[in-house]
Amino acid sequence: MATIVYVSPDDVRHEVEVPVGMTVMSGALQNNVPGIDAECGGCLSCATCHVYVDGGADLPPPSKDEAEMLDAVAASRRPESRLSCQIVVTQSIDRLIVRIPETQS
Ligand code: FES
């Protein structure tokens, strides 16, 4: 298990224990964290699982496909934007902080 800290746009923190191997997106859905829609269920075709990862996280860089899909959120995209369905939880990302955007459109 690793703790993932989801921060809502209104700064409410949701600290959730997520099993290693599960995605950050699934951890949010299974724990009723609001704001991550994940309409495609994690198959990298919707970009409605967009999050901003707090600086310093030791994550692999986004794949080419993830980077291309992030173009779908161009209006709200930032350098720290990621798709949470592509972030697999490992023990090394314990206490990862992800901020949820105002909207997923
Ligand atoms: S859930 Fe659809 S791209 Fe992540």
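Up top you'll find the structure we're talking about.
Notes on the structure in this doc start here. Source: prediction; values computed, not measured.

Turning next to the overall build of the protein chain. Of the regular secondary structure elements, the protein chain holds two helices and five strands. Listing the helices and strands of the protein chain from first to last along the sequence gives β-β-α-β-α-β-β. A globule of 105 residues ought to have a C-alpha radius of gyration of about 13 Å, and the protein chain, at 12 Å, matches this closely. Considering only C-alpha atoms, the protein chain reaches an extent of 30 × 30 × 25 Å along its principal axes. Here the protein chain holds 105 residues, and the buried ones make up 30% of them. Excluding contacts between residues fewer than 6 apart, the proportion of contacts in the protein chain whose partners are at least 24 apart in sequence is 62%.

Further remarks concern the nonpolar core. If you look at the biggest cluster of nonpolar residues, it comprises 22 residues, and the most contacted ones within it are Ile 4, Val 24, Met 25, Ile 36 and Val 98. Looking at this core, the elements with two or more residues in it are strand S1 (2–7), helix H1 (24–30), strand S3 (50–53) and strand S5 (96–99).

Attention now goes to the sheet that holds S1. Taken together, five strands build an open sheet; the order of strands is S2-S1-S5-S3-S4 and the sheet is mixed. Because the sheet does not close on itself, it has two edges, and the strands there are strand S2 (13–18) and strand S4 (81–83). The sheet shows a mean angle of 35 degrees between the axes of neighbouring strands, taken without regard to direction.

Below, the discussion takes up the environment of Pro 60. Take Pro 60: it is sitting in the loop between S3 and helix H2 (64–70). Considering only alpha carbons, one finds Pro 60 and Ile 87, 27 residues apart in sequence, at a separation of 8.5 Å.

Moving on: the environment of His 50. Of note, His 50 is situated in strand S3. When the 29 C-beta atoms within 10 Å are taken as the criterion, His 50 is described as buried. For the pair His 50 and Ile 4, spaced 46 residues apart in sequence, the C-alpha to C-alpha distance is 15 Å. Not counting residues up to four positions away in its chain, the partners in contact with His 50 are Val 73, Ser 81, Leu 83, Pro 101 and Gln 104.

This part takes up the pairing of S2. Relative to S2, S1 runs antiparallel, the two being bridged by six bridges. When the bridges of S2 are listed, Ile 4 appears paired with Val 16. Hairpin connection of S1 to S2: five residues between the antiparallel strands, including Asp 11 at a positive phi of 70 degrees.

Here is what the cut-offs are and how they apply
- Residues numbered from 1 in each chain as written.
- Predicted model: local features only at pLDDT ≥ 70, side-chain atom pairs only at ≥ 80, totals over all residues.
- Helix = DSSP H or I, 4+ residues; strand = E, 2+ residues; numbered from the N terminus.
- Rg over C-alpha atoms; globule rule 2.2 N^0.38 Å.
- Buried ≥ 20, exposed ≤ 12 C-beta atoms within 10 Å, placed from the backbone.
- Contact = placed C-beta atoms within 7 Å.
- Core = buried A, V, L, I, M, F, W, Y, C linked by C-beta atoms within 7 Å.
- Pairing = 2+ DSSP bridges.
- Axes fitted to C-alpha atoms, helices over the stretch in contact; angles between N-to-C directions.

Function-wise, these values are silent; they only describe arrangement.
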